[in-house]
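Structural description and commentary
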Amino acid sequence: MRADIIHGHLEMLVLSVVASGAAYGYAIVEELARRSGGEFDLPEGTIYPALYRLERLGLLRSTWDESAARPRRVYELTRAGSRA
């Protein structure tokens, strides 16, 4: 998938994945790939800046999940994120 096609849409794609339930970054990447039939095979380095932007905008909030082998930041929608 060409990067210019995704540009400007990544944030809404991420919000659509997180709308299904809280998720950590790598799981979001995997779900985008699954939903797109492998078309959105994004490197993790692409998703994290989008997650940080969405959090700064108040559309996502994150917490640390320390129940796994190593701590992971889990993202969930805020009320504003649901409206977006």
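Whatever comes next refers back to the structure up there.
Please read all numbers here as calculations on a predicted model, not as lab measurements.

Remarks on the overall build of the chain
Across its full length, the chain holds five helices and three strands. Mapped in sequence order, the helices and strands of the chain form the string α-α-β-α-α-β-β-α. For 84 residues, the compact-globule estimate of 2.2 N^0.38 gives 12 Å, and the chain sits close to it at 12 Å. Along the longest, intermediate and shortest principal axes, the C-alpha atoms of the chain span 35 × 30 × 20 Å. The buried share of the chain, reckoned over its 84 residues, is 33%. The contacts of the chain with a sequence gap of at least 6 include a subset with a gap of at least 24, amounting to 40%. As presented, the chain carries roughly 5400 Å² of accessible surface, and 51% of it is formed by carbon and sulfur atoms.

Some details on the pattern of salt bridges
Applying the stated criterion to the full structure yields four salt bridges. E31 serves as the salt-bridge partner of R35, at 2.9 Å between the closest nitrogen and oxygen. With R35 and E31 both in helix α3 (residues 25-35) and four residues apart, the pair spans about one turn of that helix. Accessibility expressed as a relative area gives 39% for R35, which makes it partly exposed. When the shortest N-O distance is used, the salt bridge between E76 and R61 registers 3.4 Å. With E76 in strand β3 (residues 72-77) and R61 in strand β2 (residues 60-65), the pair connects residues that are 15 residues apart, well separated along the chain. Each of E31, R34 and R35 takes part in a single network of salt bridges with overlapping partners.

Conventions used here
Residues numbered from 1 in each chain as written. Predicted model: local features only at pLDDT ≥ 70, side-chain atom pairs only at ≥ 80, totals over all residues. Heavy atoms only, no water. Helix = DSSP H or I, 4+ residues; strand = E, 2+ residues; numbered from the N terminus. Rg over C-alpha atoms; globule rule 2.2 N^0.38 Å. Buried < 20%, exposed > 50% of the residue type's maximum accessible area, 1.4 Å probe, protein only. Contact = heavy atoms within 4.5 Å. Areas by Shrake-Rupley, 256 points an atom, 1.4 Å probe, with all protein chains shown as cover. Salt bridge = Lys/Arg side-chain N within 4 Å of Asp/Glu carboxyl O.

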